[in-house]
Number of protein chains: 2
Amino acid sequence: MDHIPILKVDSFLLVSIQVELHDELAMSLQDDLTQKLLKTNSHGVLIDISALEIVDSYIGRMLSQISAIVGIMDATMVLVGMRPAVAITLVELGMTMAGVRTALNVDKGLALLRRSLDEPGRIVAAP
Amino acid sequence: MDHIPILKVDSFLLVSIQVELHDELAMSLQDDLTQKLLKTNSHGVLIDISALEIVDSYIGRMLSQISAIVGIMDATMVLVGMRPAVAITLVELGMTMAGVRTALNVDKGLALLRRSLDEPGRIVAAP
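Values in this document were obtained by computation on a predicted structure and should not be read as measured data.

With that settled, consider the interface of chain B and chain A. Every contact between the two is made by 20 residues of chain B and, on the other side, 20 residues of chain A. Sorting the residues of chain B by area buried against chain A places B:Leu7, B:Gln18 and B:Asp107 first, and these three jointly supply 33% of that buried surface. Summed over the shared surface of chain B and chain A, the number is 4 salt bridges. Salt-bridge contacts for A:Asp107 lead to B:Lys8; the nearest nitrogen and oxygen are separated by 2.9 Å. The tally of links between chain B and chain A comes to 8 residue pairs in polar contact (both at pLDDT 80 or more). Breaking the side of chain B that touches chain A down by element, the ones donating at least two residues are β1 (6–9), β2 (12–16) and α4 (106–118) of chain B. Residue classes in the side of chain B that touches chain A are distributed as 10 nonpolar, 3 polar and 7 charged.

What follows is the structure in structure tokens.
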């Protein structure tokens, strides 16, 4: 697979990552996501990593970077479905994913996006 | 990967198939999906196959079977994101996917589910 599908759910984009995010795939995800944000005029992105048993520092950095890019494009990214073991590993690796919003699952992430996009002076990303 | 993630989006379940549905994976998807239908009390399932470049007769049969199972469980399955080449191949293989509802993408599939679940005497599957 050379592209991860980006699904439009209402006014948001949903990405379910199920395979290892190697370099090329991460790059194409960045490209595809930014293009689709523009094309669909979306302001929210959900990235589900519930299928990932391992998130190393490279993938962690990639996800942080995508979150920053999405933020600059006036949208909010929420990372959802992180397994407990993944959270533990990330912190042990010294990655606190600062600036990346998280939610337990897609449902809670959707609720978070809907709430934050309703607010006046939209919240783009936590500092 | 031994399980395909099943994401709860509002009152529906969303499955994005990105890897080849071999025997074991298809079985675990059936199991997981039926369990999750019960647990979440959902009445709609969206299966996105936009990442699949090839759908052979085995996968086609599996998708039909899952649709029938979901239908028996008083829910509606909508297959979304089928590539044109896949549709052509399926018909050439003699599989018309009768009884399986389809939509062009997740957004249209969601709209279809919302419409059909609003109707009195809910439509479960086309005959």
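That covers the picture; the talk isn't over yet.
Sheet faces and side chains relate simply in a regular strand, where the side chains alternate between the two faces. All names here are of chain A. Most of strand β3 (residues 44–48) sits inside the fold, with 5 of its 5 residues counted as buried. Here β3 shows two buried faces, one formed by Gly44, Leu46 and Asp48 and the other by Val45 and Ile47. Here 5 bridges tie strand β2 (residues 12–16) to β3, and the two strands are oriented parallel to one another. Opposite Phe12, over in β3, you have Gly44 as the bridge partner. Each parallel crossover has a hand, and for β2 linked through helix α1 (residues 23–40) to β3 it is right-handed. Two strands pair when backbone bridges link them, and β3 and strand β4 (residues 76–80) are joined in this way by 5 bridges, in the parallel orientation.

Residue and element names in this part refer to chain B. For Thr34, the location among the structural elements is in helix α1 (residues 23–40). What makes Thr34 buried here is its relative accessible area of 19%. What Thr34 contacts, discounting residues up to four positions off in sequence, is Ile69 and Met73.

Expressed as a screw operation, the relation of chain B to chain A combines 0.0 Å of axial shift with a rotation of 180°, fitting to an RMSD of 0.0 Å. These values place the two chain copies in the arrangement generated by a two-fold rotation axis. With an isologous cut-off of 70% or more, the 100% of interface residues of chain B that recur at the interface of chain A puts this contact in the isologous class.

The rules behind these values
Residues numbered from 1 in each chain as written. Chains lettered and ligands numbered in written order. Predicted model: local features only at pLDDT ≥ 70, side-chain atom pairs only at ≥ 80, totals over all residues. Heavy atoms only, no water. Contact = heavy atoms within 4.5 Å. Buried area = accessible area lost by both parts, 1.4 Å probe. Salt bridge = Lys/Arg side-chain N within 4 Å of Asp/Glu carboxyl O. Polar contact = N/O pair within 3.5 Å; in protein donor to acceptor, adjacent residues only side chain to side chain. Helix = DSSP H or I, 4+ residues; strand = E, 2+ residues; numbered from the N terminus. Nonpolar A, V, L, I, M, F, W, Y, C, P; charged D, E, K, R; others polar. Buried < 20%, exposed > 50% of the residue type's maximum accessible area, 1.4 Å probe, protein only. Pairing = 2+ DSSP bridges. Right-handed = clockwise from strand over helix to strand, strands pointing away. Least-squares fit on C-alpha atoms with pLDDT ≥ 70 in both.

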